[in-house]
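Chain residues, written in single-letter form:
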Amino acid sequence: MNKRIKDRKGFTLIELLVVMVIIGLLAALVGPKLFPKLGKGKQSAAKAQIELLGQALDQFRLDTGRYPTTSEGLDALLQDPGVDGWDGPYLRKNHIPKDPWGRPYEYQSPGSHGDYDLLSYGADGSPGGDGENRDIVSWE
């Protein structure tokens with residue numbers, strides 16, 4: 001009977017605990033370096049979406065002679081707001097994308113910084129901020 005117990009192969013509890021501690025230490029060292037890149041990726045995605053929405057807005061202006069008003073909003077890129085010359089939809093997908101944090105983009109026309117202002121308030125969803133909370137805007 002003793003021979004059977006000694007012939008069993010496997011890991012002891014101590015060996016498993018040592019491996020778990022090593023994995024935990026590696027995660028503690030690598031994790032903080034990876035998470036900031038996730039925020040930067042979302043900021044880059046927001047910039048790209050604002051650029052694409054800006055191109056659609058420019059096409060709307062070329063066709064109609066003006067940008068959509070604030071009250072018409074970005075929906076004017078998908079549905080005819082009753083403007084002469086509208087030749088949309090101006091977006092490939094049949095919906096206005098939300099920012100990477102799941103909130104709608106803010107649109108105002110005329111804008112404070114140009115013909116229109118298009119922006120996302122970043123991760124915190126409120127004006128201002130630094131890092132991942134920084135506003136992503138069309139005029140920069």
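Residues numbered from 1 in each chain as written. Predicted model: local features only at pLDDT ≥ 70, side-chain atom pairs only at ≥ 80, totals over all residues. Heavy atoms only, no water.

Novice: Summarise the overall build of the protein chain; cite the residues concerned and give the values.
Specialist: Regarding its fold elements, the protein chain presents 2 helices and 3 strands. For the protein chain, the sequential pattern of α-helices and β-strands runs α-α-β-β-β. Compactness check: the protein chain gives a C-alpha radius of gyration of 26 Å against a globular reference of 14 Å for 140 residues, more than 25% above the reference. Counting only C-alpha atoms and orienting by the principal axes, one finds that the protein chain spans roughly 90 × 30 × 20 Å. In the protein chain, which comprises 140 residues, the proportion classed as buried is 26%. For the protein chain, restricting intrachain contacts to residue pairs at least 6 apart in sequence, the fraction spanning at least 24 positions comes to 39%. With 17 positive and 19 negative side-chain charges, the protein chain shows a separation of 22 Å between the mean positions of the two kinds. (Helix = DSSP H or I, 4+ residues; strand = E, 2+ residues; numbered from the N terminus. Rg over C-alpha atoms; globule rule 2.2 N^0.38 Å. Buried < 20%, exposed > 50% of the residue type's maximum accessible area, 1.4 Å probe, protein only. Contact = heavy atoms within 4.5 Å. Lys, Arg positive; Asp, Glu negative; His and termini not counted. Charge placed at Lys NZ, Arg CZ, Asp CG, Glu CD.)

Novice: How would you sum up the side chain of Asp 117? Please name residues and give values.
Specialist: On the secondary structure map, Asp 117 appears in strand β2 (residues 117-120). Buried charged residue Asp 117 carries no salt bridge. Nearest counter-charge: Arg 61, at 13 Å. Within the local environment of Asp 117, its side chain forms a polar contact with the backbone nitrogen of His 113, the two atoms lying 3.2 Å apart. In this view, Asp 117 contacts Glu 106, Tyr 107, Gln 108, Gly 111, Ser 112, Ser 138 and Trp 139; residues no more than four positions away in its chain are not counted. (Salt bridge = Lys/Arg side-chain N within 4 Å of Asp/Glu carboxyl O. Polar contact = N/O pair within 3.5 Å; in protein donor to acceptor, adjacent residues only side chain to side chain.)

Novice: Before we move on, can you summarise the sheet that holds strand β1 (residues 106-108) with the specific residues and values?
Specialist: With antiparallel pairing, 3 strands are arranged side by side in an open sheet as β1-β2-β3. Among the strands making up the open sheet, the edge pair consists of β1 and β3 (136-137). Pairing analysis gives 3 bridges linking β1 to β2, with the strands arranged antiparallel. Its bridge partner being in β2, Glu 106 is matched across the sheet by Leu 119. (Pairing = 2+ DSSP bridges.)

Novice: Summarise the side chain of Thr 64; cite the residues concerned and give the values.
Specialist: By secondary structure assignment, the location of Thr 64 is in helix α2 (residues 13-64). Thr 64 gets classed as buried once you look at its relative accessible area, which sits at 16%. One polar contact links the side chain of Thr 64 to the main-chain carbonyl oxygen of Arg 66, over a distance of 2.9 Å. In contact with Thr 64, not counting residues within four places along its chain, are Val 83, Asp 84, Gly 85 and Trp 86.

Novice: Lay out the packing of aromatic side chains in plain terms, naming residues and giving numbers.
Specialist: Under the definition given, this model contains 4 aromatic pairs. Seen in terms of ring centroids, Phe 60 and Tyr 90 are 5.7 Å apart; in terms of plane orientation they differ by 70°. Their pairing is edge-to-face. Of this pair, Phe 60 sits in helix α2 while Tyr 90 sits in the loop between α2 and β1, placing them 30 residues apart in sequence. On the basis of relative accessibility, which here comes to 0%, the residue Phe 60 falls in the buried class. With relative accessibility at 13%, the residue Tyr 90 sits in the buried group. Between Tyr 107 and Tyr 116, the aromatic rings sit 6.2 Å apart at their centres with planes inclined by 35°, giving tilted as the arrangement. Of the two residues, Tyr 107 and Tyr 116, both sit in the buried class. A network of ring pairs unites the aromatic residues Phe 60, Trp 86 and Tyr 90 as a single cluster. (Phe/Tyr/Trp six-rings, centres within 6.5 Å; stacked < 30°, edge-to-face > 60°.)

Coordinates in, geometry out; function isn't part of it.
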